[in-house]
Amino acid sequence: PQQSRRRARVDDEPKPAPPPQQQWATATGGNRAQRRAAAAAAPKTRTTTSSPGFVFLCNRLSRGEVRDRKLFGLGKGQLRDMERHITASTPLFLYDFDAKTLTGPCTPDGAPALDIDRDAWRGRFPAQLRFREKLDEVTTLRNTKYKSGPLPLGDTRTLLARLAAGK
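Here is what the cut-offs are and how they apply
- Residues numbered from 1 in each chain as written.
- Predicted model: local features only at pLDDT ≥ 70, side-chain atom pairs only at ≥ 80, totals over all residues.
- Heavy atoms only, no water.
- Pairing = 2+ DSSP bridges.
- Helix = DSSP H or I, 4+ residues; strand = E, 2+ residues; numbered from the N terminus.
- Axes fitted to C-alpha atoms, helices over the stretch in contact; angles between N-to-C directions.
- Buried < 20%, exposed > 50% of the residue type's maximum accessible area, 1.4 Å probe, protein only.
- Phe/Tyr/Trp six-rings, centres within 6.5 Å; stacked < 30°, edge-to-face > 60°.
- Contact = heavy atoms within 4.5 Å.
- Core = buried A, V, L, I, M, F, W, Y, C linked by side-chain atoms within 4.5 Å.

Chemist: Would you mind showing me how to read the pairing of strand 6 (residues 127–130) here?
Modeler: As defined by bridge partners, strand 2 (residues 71–74) adjoins strand 6 across four bridges and the pair is classed as antiparallel. Residue Leu74 lies in a different strand from strand 6, and its bridge partner there is Ala127.

Below, the structure written as structure tokens:
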């Protein structure tokens, strides 16, 4: 057999496998709607031992309803943030902006959804999530200030350490 004398070109070399994100996009057809549907259906896993936290808000009037119903709620526009950031291992916190206290951590009891309890807060906070703990049995920090939404991992770790120390 006679060997070809032509020079090897870059095109002749085997191509490396595409990065995982490209493989995922290719496997789902590359369509944005299909990728979003696949991402929503895929099980959420965290690579770290501690998940970033999520903060919910209340005031002196709504705190009792949160406690009695074991339900956190936010505006409808924040459901996507809740779905994106809350997993089974996400620590949840409740910030009472009237008393300036932060209570937690709590653990999710199910997935975030719209109108889990339609009567809660007279329908004002339809993006809802159930939690397991009794609010009277978790630690409370005084004189704090937080906004609702996802809490970065570093802040979550600091906050969990403060709650564990009771400071």
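Chemist: Help me understand the sheet that holds strand 1 (residues 53–58), please; the structure alone is not making it clear to me.
Modeler: Within a beta sheet, neighbouring strands are joined by backbone hydrogen bonds and run either parallel or antiparallel to one another. On the basis of which strands lie adjacent, the open sheet formed by five strands has the order 7-4-3-1-8 and mixed pairing. This sheet does not close on itself; its edge strands, each paired only once, are strand 7 (139–142) and strand 8 (149–151). Across the sheet, the axes of successive neighbouring strands diverge by a mean angle of 30 degrees, strand direction being ignored. Two strands pair when backbone bridges link them, and strand 1 and strand 3 (residues 92–96) are joined in this way by five bridges, in the parallel orientation. In the sheet register, Phe56 faces strand 3, and the bridge partner there is Leu94.

Chemist: Any chance you could explain unusual backbone geometry here in plain terms?
Modeler: Negative phi characterises most residues that are not glycine, and trans characterises most peptide bonds. The residue after Gly104, namely Pro105, is reached through a cis peptide bond having omega -5 degrees. Mapped onto the elements of the fold, Pro105 is located in strand 4 (residues 101–106). Even without a glycine there, the phi angle at Arg122 is positive, about 55 degrees. For Arg122, the position within the fold is in the loop between strand 5 (113–114) and strand 6. For Arg122, a relative accessible area of 81% translates into the label exposed.

Chemist: What am I meant to see in the packing of aromatic side chains here?
Modeler: In this description, a pair of aromatic rings is defined by centroid distance and the angle of the planes. Considering all chains together, one arrives at five aromatic pairs under this definition. On the numbers, 4.3 Å between centres and 20 degrees between planes, the contact of Phe72 with Phe131 is stacked. Within this pair, whereas Phe72 is found in strand 2, its partner Phe131 is found in the loop between strand 6 and strand 7, the two being separated by 59 residues in sequence. By relative accessible area, which is 2% here, Phe131 ends up buried. A ring pair is formed by Trp121 and Phe125, whose centres lie 6.0 Å apart and whose planes are at 80 degrees; its orientation type is edge-to-face.

Chemist: Would you take a moment to explain the side chain of Thr103 for this structure?
Modeler: With respect to the helices and strands, Thr103 occurs in strand 4. Residue classification places Thr103 among the buried residues on the basis of a relative accessible area of 0%. Beyond its immediate chain neighbours, meaning those up to four positions away, Thr103 contacts Arg63, Leu92, Phe93, Leu94, Leu135, Val138, Thr139 and Thr140.

Chemist: Is there a simple way to think about the sheet that holds strand 5 in this case?
Modeler: What the three strands build is an open sheet, ordered 2-6-5; its pairing is antiparallel. On the outer flanks of this sheet lie strand 2 and strand 5, each paired with one strand and no other.

Chemist: Explain the nonpolar core here, please?
Modeler: Among soluble globular proteins, nonpolar side chains are generally buried collectively. With 20 residues, the main nonpolar core has Phe56, Val66, Phe72, Met82 and Leu92 as its most contacted residues. Setting aside its immediate chain neighbours within four residues, Phe72 contacts Phe56, Val66, Leu92, Leu94, Cys106, Trp121, Ala127, Gln128, Leu129 and Phe131. The next biggest cluster of nonpolar side chains, apart from the first, holds eight residues, and it includes Phe93, Leu151, Leu159 and Leu163.

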